[in-house]
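Remarks on the overall topology
Residues per chain are reported as follows:
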Amino acid sequence: MEDHGIKLPKEFYLGTASAAYQIEGATTQDERGPSIWDQYVKVPGAIENGDTGDIACDHYNRWREDLEIMKHLGLNAYRFSISWSRVIPKGRGKLNKKGLDFYSQLVDVLLEYKITPFVTLNHFDLPQKLQEEGGGWLRRGVHNDFNEYTDIVTQELGDRVKHWTTFNEPWELAWQGYHTGEDAPGLKLGVDAALEASHNVYLSHGHVVQTIRDNVPDAEVGIVIHLNHVEPATKNPKDIAAAKRWEGCQNRWYLDPIYQGQYPEDMMKLYGPLLPEIQPGDMETINQPLDYLGLNMYRRSVISGGTDLAPVNIKRVNPPGEYSDMGWEIYPKGLYDILKWTDSNYPTKKIYVTENGVACNDPITPDGRCHDTRRVTYLREHIKQALKAREEGVPVHGYFAWSTMDNFEWAYGYNMRFGVIHIDFKTQKRTIKNSAYLLQNIAKTQ
Ligand code: FCB
């Protein structure tokens, strides 16, 4: 492999990331309870090709092989999520010991392989039973259930897992689940519902931070937010204002409460009657000191005034350049920009880049390999930008490529391949892609 020109700092996590529903499969095995995704994938037209996560990468049964590959690659960290309904099939009450044992064994083998586990408690998944009871994240009291689940999981794994993330991408969870309806539970209820779900997610986040700390005194606790660097499409004041609104909707709405204990004023004004009820004490509950911020980044946002997501009223502009299979612009400097922006507006102890990657569908060639050249370039250039930000003082302490393996890419089904490990979904054969060898080579520089 050609020289990548990267020298990894001594204390730095380099790994890959995944999410339970996207890889595990085995949705009815060992008494796992149904989740909102099991339900949503049955809706005709919801998922491309009618794909489901029923089998996915069958990671629930093949996890040992997957961990062997990570070990072989020399990665020192792995970010994965826990399926709530695998552990507590109905969301609250009866525990499923077999489900918990699965994660416990996974953690044991990770540690044996010197791979640090980063556990996400919620990655877009919710027991279906809790959706049926009061509308999932629309029910304020859902934080009690999330707390019960967190308590059980952190008591069981906390002696070995020290890196805990409460939620993955609260904007996507709330807006795509309850307003645009693109993700489970697939509801198109309006911006007010998205804001309500979002507030309840944040209350749940705030409530469990202390639970994690009580059960795991030496834990690092954080949240993962999808952050894009926002740029106005032109210098026109209308575009500048639209860019500010988008930054408010996606970035500041999620960072301000965590770091400043309040929602951004300009956005409060804009949402006006769409806002959920914010009870006394809510913002204090949400505003818990955290040990790290997890930052997911795929592209930048170039924004002009428009009519999308009213009242945010924006339009995404696609500047000339290179685009992935998802139609997302490939713009490595965007990672540097968002890291710098985040650090200067929300100084924090540690940032981990918890997701960054690219969808491109490269076949296995007759030599038995997967030459995913565009992904090799993408990851290499983004890692360089992350390290450049670090050299300039941004506390970047880790980088996780999305994703460990090709998987069930939500509404896109198996059409979109983000993995550094190729999966043949007919045979479940794993093939290490060139991008994974790139990570292996970078890991060796430590
Ligand atoms: C992020 C999700 C992750 C994956 C990537 C492509 O929004 O966290 O599960 O779908 O996008």
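Below you will find a few notes about this structure. Keep in mind that this is a model prediction, so the values were computed, not measured.

For the rest of this paragraph, the subject is the nonpolar core. Counting residues in each nonpolar core, the largest one holds 146 residues, and the members touching the most others are W37, W137, W164, W175 and L339. The leading source of residues in this core is helix α9 (residues 191-215), at 11 residues. W175 has contacts with T180, G181, V191, A194, L195, C249, Y254, Y271, L309 and V312, leaving out every residue within four places of it along the chain.

This paragraph deals with the pattern of salt bridges. Note that side chains of opposite charge can pair when their charged atoms are close. According to the stated counting rule, one finds 31 salt bridges in the structure shown. D38 is paired through a salt bridge with R32; the nearest N and O atoms lie 2.8 Å apart. The same class applies to D38 and to R32, which are both buried. Put simply, D101 and K97 hold a salt bridge, and the shortest N to O gap is 2.8 Å. With D101 and K97 both in helix α5 (residues 97-112) and 4 residues apart, this pair spans about one turn of that helix. Each member of the salt-bridge network shares a partner with another, and the members are R92, K129, E133, R139 and D145.

With that settled, consider the site of the ligand. Around the ligand, a shell composed of Q22, H123, N168, E169, Y298, E355, W402, E409, W410 and F418 is seen. Between an oxygen atom of the ligand and a side-chain N or O atom of Q22, the distance comes to 2.8 Å. One nitrogen or oxygen atom from the side chain of H123 is found 2.8 Å from an oxygen atom belonging to the ligand. In the complex, the protein chains occlude 95% of the 290 Å² of accessible area that the ligand would expose alone. Grouping the constituent residues of the shell around the ligand by class yields 4 nonpolar, 3 polar and 3 charged.

As for its placement among the helices and strands, T211 is situated in helix α9. Engagement of the side chain of T211 in a polar contact is seen with the side chain of N147, the distance being 2.6 Å.

Tallying each qualifying case throughout the model produces 0 disulfides. No disulfide involves C57; its nearest neighbouring cysteine sulfur is the one of C370, lying 14 Å away. In this structure C370 is not part of a disulfide, and its nearest cysteine sulfur, from C360, lies 8.3 Å away.

The next point concerns the sheet that holds strand β6 (residues 230-232). Strands sit in the order β6-β8-β9 across an open sheet of 3 strands; the sheet is mixed. Strands with a single pairing partner mark the edges of an open sheet, and in this sheet they are β6 and β9 (314-316). Ignoring strand direction, the axes of neighbouring strands in this sheet form an average angle of 55 degrees. Of the strands in this sheet, β6, β8 (301-308) and β9 are in contact with helix α10 (residues 237-260), which crosses β8 at around 100 degrees.

With that settled, consider the pairing of strand β7 (residues 292-296). Within β7, 5 of the 5 residues are buried, which leaves the element mostly enclosed by the surrounding structure. Covered by surrounding structure in β7 are Y292, G294 and N296 together with L293 and L295, the residues of both alternating faces. Examined bridge by bridge, strand β5 (residues 220-226) and β7 share 5 bridges and lie parallel to one another. Each residue of the ladder has a partner; that of I223, found in β7, is L293. Direction of pairing for β7 relative to strand β10 (residues 351-355): parallel, over a ladder of 4 bridges. What sits directly across from L295, in β10, is V353.

Their axes nearest at 10 Å, the elements α5 and helix α7 (residues 142-157) cross at an angle of 40 degrees. As summarised for this structure, α5 and α7 are arranged oblique, according to the angle between their axes. Considering how the two elements wind past one another, α5 and α7 form a crossing that is right-handed. Taking contact as the criterion, the partners of L100, Y103 and S104 in α5 are, on α7, I152, V153, E156 and L157. Here the contact of α5 with α7 is built from residues that sort into 5 nonpolar, 1 polar and 1 charged.

Moving on to the packing of aromatic side chains. By the definition in use, this model includes 37 aromatic pairs. Judged by centre distance (5.4 Å) and plane angle (85 degrees), the rings of Y21 and F408 are edge-to-face. Placement of Y21 in helix α1 (residues 20-23) and of F408 in the loop between β11 (396-402) and β12 (421-424) is noted, with a sequence separation of 387 residues between them. Given a relative accessible area of 3%, Y21 falls into the buried group. For F408, a relative accessible area of 0% corresponds to the buried category. Ring geometry for Y259 against Y346: centres 5.9 Å apart, planes inclined by 50 degrees, an arrangement best described as tilted. Linking Y259 in helix α10 with Y346 in the loop between α13 (333-345) and β10, this pair joins segments that are 87 residues apart in sequence. Using a relative accessible area of 4% as the deciding quantity, one classes Y346 as buried. Its guanidinium or amino end placed over the ring of Y331, R300 lies 3.7 Å from that ring's centre, counting from NZ or CZ. The ring of Y336 carries the charged tip of K388 above its face, separated from the ring centre by 4.1 Å.

Cut-offs applied
- Residues numbered from 1 in each chain as written.
- Predicted model: local features only at pLDDT ≥ 70, side-chain atom pairs only at ≥ 80, totals over all residues.
- Heavy atoms only, no water.
- Core = buried A, V, L, I, M, F, W, Y, C linked by side-chain atoms within 4.5 Å.
- Buried < 20%, exposed > 50% of the residue type's maximum accessible area, 1.4 Å probe, protein only.
- Helix = DSSP H or I, 4+ residues; strand = E, 2+ residues; numbered from the N terminus.
- Contact = heavy atoms within 4.5 Å.
- Salt bridge = Lys/Arg side-chain N within 4 Å of Asp/Glu carboxyl O.
- Near = heavy atom within 4 Å.
- Polar contact = N/O pair within 3.5 Å; in protein donor to acceptor, adjacent residues only side chain to side chain.
- Areas by Shrake-Rupley, 256 points an atom, 1.4 Å probe, with all protein chains shown as cover.
- Nonpolar A, V, L, I, M, F, W, Y, C, P; charged D, E, K, R; others polar.
- Disulfide = S-S within 2.5 Å.
- Pairing = 2+ DSSP bridges.
- Axes fitted to C-alpha atoms, helices over the stretch in contact; angles between N-to-C directions.
- Parallel < 35°, antiparallel > 145°, perpendicular 65-115°, else oblique.
- Left-handed = near helix turned anticlockwise from the far one by under 90°.
- Phe/Tyr/Trp six-rings, centres within 6.5 Å; stacked < 30°, edge-to-face > 60°.
- Lys NZ or Arg CZ within 6 Å of the ring centre and 35° of its normal.

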